[in-house]
Structures are given as C-alpha cells and as structure tokens.
Amino acid sequence: MNLTRIKTIYFKELVDLLRDRRTVIATIIVPVVLYPMLMLFSVQAASVQTGKVAQEQIVVGVPSREDQNTLIRLLANEPTPKDEDGQPDTDYKPLISRVQWVITKDIKSAVQSHQIGCGVLVSKVQNAGDPLREQYTFELLVQTDQIRSRMAANRVESALRRIGQNRVDQRLDSLDVSRDVIDPFFFKQTNLTTSGSLLGLIMPLLLVLITLTSAIYPAIDLTAGERERGTLETLLVCPVPAGELVAGKFLTVVTIALLGAMLNLGSVAATVYFGGLTDLLGAAEQSAGDLPLSAIPIVLLALIPFAVLTSAILLAVCGFARSFKEAQNYITPVILATLMPGMVANLPGTQLQGPMLVLPVGNMVLLVRDLLSGTQLEVYQIMMVLLSTSLYAGGAVALATQMFGREAVMFSDNASIKSLLSRRMIRASKYPSMGLACFYVAMLFPVWFYVQTALQRKFDGDMVNVLRWTAVLMPVFFAILPALMLWYFKLEMKPTLALGKAAPRYWLSGLLLGLSMWVVGHEIFVIQEYILPIPEALIQQQAPMEALMKNQPLWWLLLVVAVVPAVVEEMCFRGMLLNSLRANSRRYIGLLVTAAAFAMFHFLVYRLALTFVLGLFLAYLCWQSRSIWPGVLAHFMNNGFAVLRAQYPNVVEWIGIDPASESKHLPIHVIVIAAVLVVAAIWISRKPMDEPQSHRGTETSQ
Amino acid sequence: MPMIHSENLAKSFPTPDGSQKLAVAGLSFAVEPGQIYGLLGPNGAGKTTTLRMLCGLVVPTSGRAVIAGYDVQQQPLAVKQVLGFLTANTGLYQRLSVRDVLVYFGKLHGMTTPQAKDRAAALIDTFDMADFATLRCGSLSTGQKQRCNIARALVADPPALILDEPTLGLDVLSNRVMLNFVRDQRDAGKSIILSTHYLDEAETLCDRIGLIHQGRLIAEGSFPQLQEQSGEHRLSDIFLKLIHEEPVHIV
Ligand SMILES: Nc1ncnc2c1ncn2[C@@H]1O[C@H](COP(=O)(O)OP(=O)(O)OP(=O)(O)O)[C@@H](O)[C@H]1O
Ligand SMILES: [Mg+2]
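In short, a report on the structure. Predicted model only: the values in this text are computed from it and were never measured.

A few points about the overall build of chain B
Move 1: For chain B, the helix and strand inventory stands at nine helices and 10 strands.
Move 2: The C-alpha radius of gyration computed for chain B amounts to 19 Å, which stays within 12% of the reference 18 Å derived for 251 residues, consistent with globular compactness.
Move 3: A separation of at least 24 residues holds for 66% of the contacts in chain B among residues at least 6 apart in sequence.
Move 4: Of the accessible surface of chain B, which amounts to about 10,400 Å², a share of 49% is contributed by carbon and sulfur atoms.
Move 5: Averaged over its 23 positive side-chain charges, chain B has a centre that lies 8 Å from the centre of its 25 negative ones.

What follows is the structure, encoded as structure tokens:
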C-alpha cells in the first residue's frame, strides 16, 4: 500500500465529487434546505388539518329518532370541561351545538362509507327519565384510522363521560356522601424518560438510513459512473494496484457519507429546535435544552462505523454494476437487506447480547441505542460490536477490490456478468484472491458465532454435547466448505490449504513452539489480568468446562479440544487465508491479518491478545514452511497441554506451577526455557521455503 | 529484444447461448523500438481485444504478452509503468481541468507533486494547450479533448504506446495533429502499436502492418511486402483480397 498514492486518489475523487452539482444537491442542499422546509411544512399542514377538522360539524348517526331524543336530552346538560387548575374552559362549545344528526338503520356501513363520523347505539336503558337512577349503555361505532370518525367518537364519549361524572356527583350529594368516598386511590405518574432513551429509539436507524443515503451517490459515481464515462479504463492502465484505487475511493465515499450524515443530523436537530417541534415530537416533558446536545458526541462518533460499513457495502455492490442505472437497481434490495437487521435489533426489548453482538448493522443499532439511553455496557460488548463491524466492512472492501476493474464488469454485456460466478467461466489459478478468502472468513464469522450460540442454547450447559457437536461442525465450516469453495473457483487445493510436506527443520520449529507456546499464552494472560481483569461471572461460566476437562476420557478430550481444532483451523486460517495474502502482500501484513482474524474467531475479548500472539507464531510457521503440518503439531500440543494440565495436576506441580491458580506468573526457569525455545524455533525457520514449481501459471486472479 | 511482443495470444468470450466465442485466436507479433505497427482488420476482427490484453485490462485465455521485458500477467504494475494507452472513446474527468488531469496522472505514475506539475506544464506547451489548460475537460471540443488525452498518455514518457483507433471522429486538422504526434513519438524511439480503419493513413504511417481477420493474423509485413505478396497496389485492395481468399494466405 502506497499511502501517498491513496491520498492522491482520495483528494482527486473528493474534488471531482464536490464539483459535481448532483453531489452538492444530494448531500448539501437537500439536507440543509429541503428537510427543514418539508418537515415544517408537513407538521404545520398536519396541525392545520387537525384544527380544521376540530372546527367541523360532527356528524353522529343514530338508529332512531327515539335514540336521538335521548342523546339530545342527556347532552343538554353537558358541563363545561375544566383545565388542570380547575378553571372552566371558556372557549369550549357544547357538543350539542356542533352535532349534525343522521338517522339511519345501517349505521355500520354509514360509518364505513364516511357518511357519518361515528354511530351511537343506546342499549340497556334502566329507569329512564329519573336523573338519580337512570342507566345507559352506549355503543360507539367508530373507524379509528379515520381522523373525522375518531374525533367524533372522542368528542361524544368525553361529553357523555363528563355528564356521567356530573350525575355521580349529584347522586352522591343526594345521599349526602362526599365524592372522596368512592375514590380510594389516586395516581400520579412521574415520567423519567430522558431525551437519550427517546432519541435512542429513532436515532440508530436514522443513522443507518442517513449514512446509506449519503453514500449512495458517491458510491455509484466512483464505480459504475466512472466506467460509464470511459475514465475507468484509463485509471486501470495506471501502475496502481486495484487495492489502492479502491482504498482511495472508499475513503472518499466514507467522507461524503459522513459529511452528508452530519449535515442531515444537524439540519434535523436545528429544525426540531428552531421550528419549535419538540412538542409535536412528543418530547414536551423534557426541557428542550438537553435534547440532542448531550448526545451529540456519541452520535458523531457512532456515525463513523456506520459510514464505514454502509460505504463498504455500497461500494462492493456498485462494483458489480456497469452503469448508473444498473447500480441503482442493485441498491434498492441492498438497502432493504441492510435495514432489516437494523430493524430487527430495534424491536423493543432486544438486548445487546448473544447473537445480537455480531448481527451486522443490528449490533451497531443496539450499541448506539444503549449508549444514548445510558444503559450500562461492558467493555467486551463494545469491543465485539466494533471489531465485528470492522470485520464486515473489511470483507465488503475486500469484495469491492476483488470486483474492481474486473474484465467481466468492465467490458461485458449481461450474459457475462452472470458468468462471473458461473464455474465454467472461472479461470483456474493457484491461490484464491485476497478478496475471496477475506470475504469467506468475514462471512464465516457471524455464522460460526451463531452456530456456537445455538449449540450452547440447545444443550444448555451440557458441555460434553457442545464440544462434541463443535468438533463435528468445525470441519464442515473451516475445512469442507472452504474446500468446496476452492473447488468451485478452480483453485488448487494442495498449495492453498498448504497440505504439502514440510522440511524437517520446520517440524523441529513446530515441536519447539508446541512445547513453549502455552507458556507465552499463560504469561500474556497473567499480564492482561492487570489491565483487563476477567469478570467473576465469566469465570463462573467457565466452571462446567473445567469440570469436564477433568472428568472426560483423555483420548476424547484430545480429539475434540486438540486434534480437530488444530487441523481445521490451520487449514482455514494458515492455509486459505494466509496463502491468499501471500500473493498480494508482504509477510508481516499476512501474519498480522491472519492472526487478527484467528483471534477474533475466539469471540472473547479476554482471549484476543493470547490468540493473536499464538496466531502470529502459527502463521509464521506456515508462511516459512508452506505447509500447515508443523503448525498443526504446535497447535495440537498447545491445546493438548491445557487438557493435560487439567487431567494431571501433579505433573504441572512438578514443573513448579501451582495448579490451583491460573493467574500467577510461572516460575522464572520455565519462562526462560520457553523463551529460548521460541527464539530457537523462529531462528530455525528463518529461511523460507521456495514456492514449489507448479504445472500451471503461478499468478492469482488478483 | 522487441519492446512489445506477444506469443499465441488468445481470448474467448462466453456467449449468451453458453458456448465460447473465439475473439482472438493465437496472435504472435513483435514491435521493435522506433517502429509503428498497424493492426488492421474488419469490425469485430479482435483488434480492441488484442490491445486490451496487451495492457492487462483483459486476461488472455491462453498465450502471453511481454512489454519491455515484463510479462503482462505476472508483473502488471511494471508493465503499466512503461505503457501509454489511448482509445477513441477514452474519457476525461469532466470536472477537472486539463492541467489537473495531467498532474493527477503524473502522480499516479509515481511522480511527486512538483515533478507532476513540471511535466504537465511541459506537455501543455508541447501540445499547444495553454489556451484551455485551466478549463474543465467537460467544456472542451473533441479535438482539444483528444490533445489532452494524448498528453495524458504521455505523462510518464512511456517507451511503448498502444493506440486503439486514435483518429476516430477527428477532423482533418486534429487528424494531422494526431498523426504528427505518432510520427514524432516513433522518431523518438518509441514502440507504437495502433489499430485503425483508415487504410491510407496506415499505408503512409506504419512500418509494419498486421492484417487480422476473425482473430487470426492473415498477413504481416511492411506495406511494400504486402503489395508484393498480393500483387495489389492499394492497401484497401490487398485487404479485400486477403480477406476473401483467406485462409490461403496465412503467413
Ligand atoms: N467483453 C466481451 N464479451 C463478449 N464478446 C466480446 C467482448 N469483447 C469483444 N467481444 C467480441 O469479440 C470480437 C472482437 O471484438 P473487438 O472489439 O476486439 O473487435 P475490433 O477488431 O476492435 O472491432 P472494431 O473494428 O469494430 O473496433 C467481437 O465479435 C466481439 O463481439
Ligand atoms: Mg475496436
């Protein structure tokens, strides 16, 4: 990656976009001018309309003149409503003066055809005519989705209720009883809803929507638009790797998305403030002053991951399109697909836990909601959301890079866009492209998380079964599916999964690392305790697992905890992922990316550092040797040690370790020996294995 | 060692009915420094596809191309560094000025900003573009655009030029500018490969001519050689004759 060049591309694209009238209109003019106007106008129109309806005559339908007379007689004594201070409302006009009566047998259809506002049926009359004893049951026929009908029914009901209350008072008076006697309880509710929780309900989805809409135009313009205008071809014959072009364009889209989103939010906020709309938005109880102000920093920060994710997704999708029009067609379903998890997450009562932690888009929605409403969050929750979001965004950018400038997108008709995925059209090559491998790993992440969660749910604490099924499913997702994918894309299985033999020196390295890695892991864990102590609850959760490690047969534990994960994780991470990076990046990048992905698949923040470092060792081993097997050995030994430690505490004690405590430093001699072994292992493998000659071309489909 | 060189270059495209269409069927040719190689052929002969394969825009189904010693598939970036590419429908960034475009492409070819600016100024001078150098490309005439495009292709002063119908749609004047430019570049020792449908242009301009038909090279040589081979005087007659007699004249 050449940062200067990415910067050049970034600034050029930014200037180019900002000089475009359409960008300016879509991202600046619309939010700044149009939104407030529309919002003010529609809100005012609504209130004008409501006011107008309130002034209209109320049309009430009754089945007979007799019922009409009864109602008129009752309504004649309608008391004037009182306000909160007990003062009569002087503007109030009695209902009787506003009603227009309609007598019809079929009240139901009269309401439904909007001929009358509401219908009133008087049934069950007792002691009619005696003010102190008469009783009526009224049935109101109303169509609540019609404002006229609803208002008519409300007016009639509230008038009748007030008359009823009046009657109660009269009757109590006649019995010489005080009104208080029949009201044993009084209620007063204090609403603690804060502006945050109110905002939290609408803001997260609003953010998704806003960043999406702001990113759409630049995403299309910089990909399909560029192709349509004939400039993409020129760009592609420049000596710049596709990854850098995409990176520059991606940053541009993110910038415009952020800019647009901020303007949108600012504009909405200003409209709410200055337009005096807080009341209408139902926030009347809060002092308007604390409405969005306190939330602004959180919202602004949260915008960034949203903008990153949506821009990445849009760029990837638009990369498939060959024209503006086509891109627009692709985008509608994508917006829906993006909003869907967001809406699912936004359902009331959803919590940022379990599967929700890694639900793309949904997890961000929940995080922002909780931050705004002041819900207490754990560090690991925030980390999980941010890390998985970065992973998804990375996957999408990788896909975009993969598609960028591809021949089938650049020069083809409709027939061959389908051929992009049609196996017959795929050119065989040795290694998968970085985009393909990263995309698979990014997609596998939530899937594997859901599989794990589902297993935990299904067996509910029965760790034996959880482990058994994990061991069965792991090969499916980490080896068989990747192998199928490799087959489909005509990639060579053996070099990609690094299944070839390793030279003896690498085996020796693997052995040494196998002997020493657990010490490194242990020390990392202990040091981490100082910074990031493991919560008690989590330790409790681990208890069944530890018990199981002591009680199950050794061979079984070694199989499910050590053999299976060692083999299949090496295939997936050190095999497919690392080898796809081998062709396109330097060694240190390959190692870092692989180790990071490997660490994230362990799902626990507390294991991130540990698994990351072990992942680095294993990746180094495979990069140097071009074979996963030494790594499998080291991985197996490392996991196997955990089993042995649990099963034979005595052995551990013999080396000088207190088996009861996980959180103490190991004796210095153990650390020194381990350090020597690690250094020796790295030194022995310092010379990388040459690429074996292959009968096909060595290039990758870049 | 030729500057541009291809071996059995072939490309097939999928067709909607599921079969394969062989657009280029094994082309081998070489272009030396200081030479203009004309790739001629009827519509759909496979010229554009061939030139795109030379630039690395299209991946060949088989065969390979080498430019300045770099394999197009193996070292695409090195190849792109030594390559100037120009077609009739190459677009320019509508909202950037001529100068901005030149500076941008200079930087993409690895120049620093001052270097790119100097280079842009020199090119603006060479191609007499000072009058419109600060105008946005969207407002230029076809001829002005073409000049800007030529300058763009020359930003990194590449030793190899690939031109796909560079004179398409130009008037006499702009056409002259273009042809002079091509000659100047040849005289400066560049290797140029160009496709065109203007045969009289090719007669006078090209040092070597390759006639392709249905993806195959059916004749190759200098204009006099082709005249001799076919017994015809005008290139257009040679062209028609060879195409109709094909495959008798396969070289
Ligand atoms: N991307 C593509 N997908 C499918 N077929 C293609 C594609 N590009 C070119 N072809 C086919 O390959 C053949 C050669 O096309 P090409 O554009 O190379 O011809 P050309 O010699 O440049 O023609 P012209 O003189 O018209 O420019 C044509 O039959 C064309 O239909
Ligand atoms: Mg052509």
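As for the interface of chain A and chain B
Move 1: Each partner contributes residues to the interface: chain A has 32 residues there, and chain B has 36 residues.
Move 2: Between chain A and chain B, the buried area comes to about 3,200 Å², and carbon and sulfur atoms account for 59% of it.
Move 3: For the chain A face of the interface with chain B, the top three residues by lost area are Arg-19, Val-237 and Pro-239 of chain A, together amounting to 19%.
Move 4: One can count five salt bridges joining chain A with chain B.
Move 5: Arg-95 of chain B is the salt-bridge partner of Asp-20 of chain A, the closest N and O atoms lying 3.5 Å from each other.
Move 6: Across the contact surface, chain A and chain B share seven residue pairs in polar contact (both at pLDDT 80 or more).
Move 7: Counting residues per element, the ones that place at least two in the side of chain A that touches chain B are α1 (3-18), α6 (195-228), α7 (232-236) and α14 (414-418) of chain A.
Move 8: Take the side of chain A that touches chain B: its biggest share by element is six residues, from α1 of chain A.

Overview of a negative patch on the surface
Move 1: Judged by side-chain charge, Asp-83, Glu-84, Asp-85, Asp-89 and Asp-91 of chain A come together as a negatively charged surface patch.
Move 2: On the secondary structure map, Asp-85 of chain A appears in the loop between α3 (65-75) and β2 (99-103).

Side note on the sheet that holds strand β4 (residues 62-67) of chain B
Residue and element names in this part refer to chain B.
Move 1: Pairing within the open sheet is antiparallel, and its four strands lie in the order β2-β1-β4-β5. Looking along the sheet, the strands with just one partner apiece sit at the ends: β2 (20-31) and β5 (70-71).
Move 2: In terms of strand pairing, strand β1 (residues 4-14) meets β4 through five bridges, oriented antiparallel. Bridge pairing in β4 links Glu-7 to Arg-64.

As for the packing of aromatic side chains
To describe a pair of aromatic rings, you give the distance between the ring centres and the angle between the ring planes.
Move 1: Evaluated as defined, the whole model comprises 20 aromatic pairs over all chains.
Move 2: Pairing Trp-487 of chain A with Tyr-488 of chain A gives two aromatic rings, centres 6.3 Å apart and planes at 65°, and the pair type is edge-to-face.
Move 3: Accessibility expressed as a relative area gives 30% for Tyr-488 of chain A, which makes it partly exposed.
Move 4: On the basis of an interplanar angle of 20° and a centroid distance of 6.3 Å, the ring pair of Tyr-93 of chain B and Phe-105 of chain B is categorised as stacked. Residue Tyr-93 of chain B is found in the loop between β6 (83-87) and α3 (98-108), and its partner Phe-105 of chain B is found in helix α3; the two are separated by 12 residues along the sequence. Here Tyr-93 of chain B matches Phe-105 of chain B in class, with each residue buried.
Move 5: In this structure, Lys-12 of chain A packs its charged tip against the face of Tyr-93 of chain B, placed 3.4 Å from the ring centre.

Section: unusual backbone geometry
All names here are of chain A.
Move 1: With phi around 55°, Lys-490 is a residue other than glycine that occupies positive phi space.
Move 2: Inspection of the secondary structure assignment puts Lys-490 in the loop between α16 (463-488) and α17 (493-496).
Move 3: The exposure class assigned to Lys-490 is partly exposed, which follows from its relative accessible area of 23%.
Move 4: Despite not being glycine, Arg-626 has its phi angle at roughly 55°, a positive value.
Move 5: Within the element layout of this structure, Arg-626 appears in the loop between α22 (605-625) and α23 (629-647).

Digging into the side chain of Lys-47 of chain B
All names here are of chain B.
Move 1: You can see Lys-47 is positioned in helix α1 (residues 47-55).
Move 2: Buried within the structure, Lys-47 lacks any salt-bridge partner; Glu-165 is the closest side chain of opposite charge, at an N-O distance of 5.1 Å.
Move 3: A polar side-chain atom of Lys-47 sits 2.9 Å from the main-chain carbonyl oxygen of Gly-41.

Some points on the nonpolar core
Move 1: Membership of the largest hydrophobic core comes to 217 residues, with the highest contact counts inside it found for Phe-478 of chain A together with Leu-54 and Ile-67 of chain B.
Move 2: Ranked by the residues each element gives to this core, the list is headed by helix α20 (residues 554-584) of chain A, at 14 residues.
Move 3: Taken domain by domain, the makeup of this core includes at least three residues from each of domain 1 (3-40 + 193-425) and domain 3 (484-695) of chain A.
Move 4: Setting aside residues up to four positions removed in sequence, Leu-54 of chain B forms contacts with Ile-4, Leu-9, Phe-29, Ala-65, Ile-67, Val-72, Val-79, Ile-162 and Ile-193 of chain B.
Move 5: In terms of nonpolar packing, the next biggest core, distinct from the first, is built from 19 residues, Leu-75, Val-120, Ala-153 and Leu-160 of chain A among them.

A look at the pattern of salt bridges
Move 1: As enumerated under the stated definition, the model contains 25 salt bridges over all chains in all.
Move 2: Between Arg-167 of chain A and Glu-134 of chain A there is a salt bridge; the shortest N-O distance is 2.5 Å. On the criterion of sequence distance, the pair formed by Arg-167 of chain A in helix α5 (residues 147-174) and Glu-134 of chain A in the loop between β3 (118-126) and β4 (135-141) is long-range, its members being 33 residues apart. Assigned by exposure class, Arg-167 of chain A and Glu-134 of chain A land together as buried.
Move 3: A salt bridge links Glu-220 of chain B to Arg-208 of chain B, with the shortest nitrogen-to-oxygen separation between them at 3.3 Å. Of this pair, Glu-220 of chain B sits in strand β10 (residues 216-221) while Arg-208 of chain B is found in strand β9 (residues 208-213), placing the two residues 12 residues apart along the sequence.

Digging into the packing of α20 of chain A against α22 of chain A
Two packed helices can be described by the angle between their axes and the distance between those axes.
Residue and element names in this part refer to chain A.
Move 1: The contact between α20 and α22 brings their axes to 10 Å, and the two run at 60°. As α20 packs across α22, the resulting crossing turns out to be right-handed. Taking contact as the criterion, the partners of Glu-570, Arg-574, Leu-578 and Arg-582 in α20 are, on α22, Gly-615, Leu-618, Ala-619, Cys-622 and Trp-623.
Move 2: The residue inventory of the contact of α20 with α22, partitioned by class, reads five nonpolar, one polar and three charged.

Quick word on the side chain of Glu-326 of chain A
Move 1: Mapping Glu-326 of chain A onto the fold places it in helix α10 (residues 324-346).
Move 2: When residues no more than four places from it in sequence are discounted, the contact partners of Glu-326 of chain A are Phe-320 and Ala-321 of chain A.

Overview of α1 of chain B
Residues spaced three or four apart along an α-helix point in a common direction, a consequence of the helix completing one turn every 3.6 residues.
Residues and elements named next belong to chain B.
Move 1: Counting buried positions over the nine residues of α1 gives seven, a clear majority of the element.
Move 2: Taken together, the buried positions of α1 are occupied by Lys-47, Thr-49, Thr-50, Leu-51, Met-53, Leu-54 and Cys-55.
Move 3: Phi turns positive one or two residues past the end of α1, at Gly-56, with a value near 85°.

Digging into the environment of Ile-163 of chain A
Residue and element names in this part refer to chain A.
Move 1: In this fold, Ile-163 is placed in helix α5.
Move 2: On a C-alpha basis, the gap between Ile-163 and Val-111 in space is 25 Å, while along the polypeptide they are 52 residues apart.
Move 3: Ile-163 has contacts with Leu-74, Leu-75, Asn-77, Glu-78 and Pro-79, leaving out every residue within four places of it along the chain.

What counts and how
- Within every chain, residues take consecutive numbers counted from 1 along the sequence as written.
- Written order determines the labels here, with chains lettered from A and ligands numbered from 1.
- Per-residue local features of the predicted model are confined to residues with pLDDT of at least 70, and side-chain atom pairs are confined, for both listing and counting, to 80 or more; whole-chain, interface and lining totals are unaffected and use all residues.
- Only hydrogens and water are set aside when side-chain values are computed; all heavy atoms of the structure are taken into account.
- Secondary structure elements are taken from DSSP: a helix is a run of H or I of four residues or more, a strand is a run of E of two residues or more, and numbering for both begins at the N terminus.
- We compute the radius of gyration over the C-alpha atoms and compare it with the globule rule, which gives 2.2 Å times the number of residues raised to the power 0.38.
- When checking whether two residues touch, look at their non-hydrogen atoms; a contact exists if any pair is within 4.5 Å.
- Reported accessibility uses the Shrake-Rupley method at a 1.4 Å probe radius. Residues are deemed covered only where the shown protein chains occlude them.
- When charges are counted, Lys and Arg are positive and Asp and Glu negative, with His and the chain ends excluded.
- A charge is said to be at NZ when it belongs to Lys, at CZ for Arg, at CG for Asp and at CD for Glu.
- The buried area of a pairing is the accessible area, by a 1.4 Å probe, that goes missing from both parts when the two are put together, added over both.
- Salt bridge, as applied in this entry: a Lys or Arg side-chain nitrogen positioned within 4 Å of an Asp or Glu carboxyl oxygen.
- Two N or O atoms count as a polar contact when they lie within 3.5 Å, although within protein this holds only if one can serve as hydrogen donor and the other as acceptor, and sequence-adjacent residues are included solely when both atoms are side-chain atoms.
- Like-charged residues within 9 Å of one another, or nonpolar side chains (Val, Leu, Ile, Met, Phe, Trp, Tyr) within 5 Å, are grouped into patches, provided each residue has over 30% relative accessible area and no salt bridge.
- If DSSP finds at least two bridges between two strands, the strands pair.
- Each Phe, Tyr or Trp ring (for Trp, its six-membered ring) is paired with any other whose centre lies within 6.5 Å, and the angle between the two planes then decides the class: stacked below 30 degrees, edge-to-face above 60, tilted in between.
- Burial classes: relative accessible area under 20% of the type maximum marks a residue as buried, over 50% as exposed, and values in between as partly exposed (1.4 Å probe, protein chains only).
- Lysine NZ or arginine CZ positioned within 6 Å of the ring centre and within 35 degrees of the ring normal marks a charge as sitting over the ring.
- We define a nonpolar core as any set of buried Ala, Val, Leu, Ile, Met, Phe, Trp, Tyr and Cys residues linked to one another through side-chain atoms lying within 4.5 Å.
- Segmentation of the chain into domains, including their bounds, is taken from an automatic or database domain assignment.
- Axis lines are fitted through C-alpha atoms, for helices just across the contact stretch, and the angle between N-to-C directions can take any value from 0 to 180 degrees.
- A clockwise turn of the near helix away from the far one marks a right-handed crossing, whereas an anticlockwise turn of less than a right angle marks a left-handed crossing.
- Throughout, the ten residues Ala, Val, Leu, Ile, Met, Phe, Trp, Tyr, Cys and Pro are labelled nonpolar, Asp, Glu, Lys and Arg are labelled charged, and all others, Gly among them, are labelled polar.

By themselves, these observations are geometric and do not establish any function.
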